[in-house]
Amino acid sequence: MQVVDKGLILRETPYKEADVMLSVLTECGGKLSVLARGAKRKGSRVSAAIQLLTYSELTLYESGGRYTLNEAEPIEMFFGVRGDIVKLSLGSYFAEVLELAAESESINPELLRLGLNSLYALAKTNIPHEKIKAVFELKVASLSGYTPNVLGCGICGSVDDLAYFDVENGTVLCSACNGGFLKRIDASAVDAMRFILSEDIKRIFSFSINDSSMKLLSAVCDEYLSVHFDRKFKTNIFYKGLI
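Residues numbered from 1 in each chain as written. Predicted model: local features only at pLDDT ≥ 70, side-chain atom pairs only at ≥ 80, totals over all residues. Heavy atoms only, no water.

Caption draft 1: Expanded view of the overall build of the protein chain. Scanning the protein chain from terminus to terminus reveals seven helices and eight strands. Oriented by its inertia axes, the alpha-carbon framework of the protein chain measures out at about 65 × 35 × 30 Å. Across the 243 residues that make up the protein chain, the buried fraction comes to 50%. Counting only contacts in the protein chain whose residues sit at least 6 apart along the sequence, the fraction spanning at least 24 positions is 58%. Roughly 12000 Å² of accessible area belongs to the protein chain as shown, and the carbon and sulfur atoms make up 49% of that amount. Averaged over its 27 positive side-chain charges, the protein chain has a centre that lies 5 Å from the centre of its 30 negative ones. (Helix = DSSP H or I, 4+ residues; strand = E, 2+ residues; numbered from the N terminus. Buried < 20%, exposed > 50% of the residue type's maximum accessible area, 1.4 Å probe, protein only. Contact = heavy atoms within 4.5 Å. Areas by Shrake-Rupley, 256 points an atom, 1.4 Å probe, with all protein chains shown as cover. Lys, Arg positive; Asp, Glu negative; His and termini not counted. Charge placed at Lys NZ, Arg CZ, Asp CG, Glu CD.)

Laid out in structure tokens, this is it:
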């Protein structure tokens, strides 16, 4: 059966002499493993369309739950990311997270939208990398079922003086209920988290935050994703080593 779909290339792995195995987050089929035969041969017509972080239209042949690539045309290659090692490392982190978050053949179009919007922000806007990264981390955690409580203190329910974030339990806490070594946060960072979690993906970067609050938000989102995905992402470690 022939299938035409659009998808973001999350990983490309050499397979045999000239073939490549792809992990693709698609619009209609969820995350798929796709065999691209002869993709490494000189003059391959699909080589540009199957590069990491390329959004492409794919013509696939499906048989017995296995997918083989017949044709591919790039839609967006995010050249603004590819030409900068820092941006490329951050984009690669996004791809690693998305591959873990997406379940095979389970359709979650919001994950794809988040990936594409985050790469667009990285490639074509002046939004600080720290902000793009924090927004992506919090939103992908929420889309994966780990939405934190940021409406009020997780212990007493107070909406005032929310100064800490409990990463393990996913909740903000007021100063009076802080019971240990928790991540510091402030009102501006809490407001930003509420905005990110409630807004449509096309608007999630549209908020203002000062530098000190941004640093608090960044630290919280980074650790929150790592803890709840139970993973120290190698691409994130590499990215942090560059900045």
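Alright, that's what it looks like, and here's the rest.
Caption draft 2: Molecular detail of helix α6 (residues 211–229). Helix length check: α6, at 19 residues, gives a terminal C-alpha distance of 27 Å against a target of 27 Å (1.5 Å per residue), a fit within 8%. Ser213, Met214, Leu217, Ser218, Val220, Cys221, Asp222, Tyr224, Leu225, Ser226 and Phe229 are the residues of α6 that are buried. Taken together, the buried residues of α6 touch α2 (85–101), α4 (129–143), β6 (162–166), β8 (183–184), α5 (187–198) and α7 (234–242). (Expected span 1.5 Å × (residues − 1).)

Caption draft 3: Just the side chain of Asp5, in detail. In this structure, Asp5 sits in strand β1 (residues 2–15). As a buried residue without a salt bridge, Asp5 has its nearest oppositely charged side chain in Lys6, at a separation of 8.1 Å. For Asp5, the side chain forms a polar contact with the main-chain nitrogen of Cys28, separated by 3.1 Å. Among the polar contacts listed, one links the side chain of Asp5 to the backbone nitrogen of Gly29, at a separation of 3.2 Å. In this structure, Asp5 is in contact with Thr26, Glu27, Cys28, Gly29, Ser56, Glu57 and Leu58, ignoring residues within four places of it in sequence. (Salt bridge = Lys/Arg side-chain N within 4 Å of Asp/Glu carboxyl O. Polar contact = N/O pair within 3.5 Å; in protein donor to acceptor, adjacent residues only side chain to side chain.)

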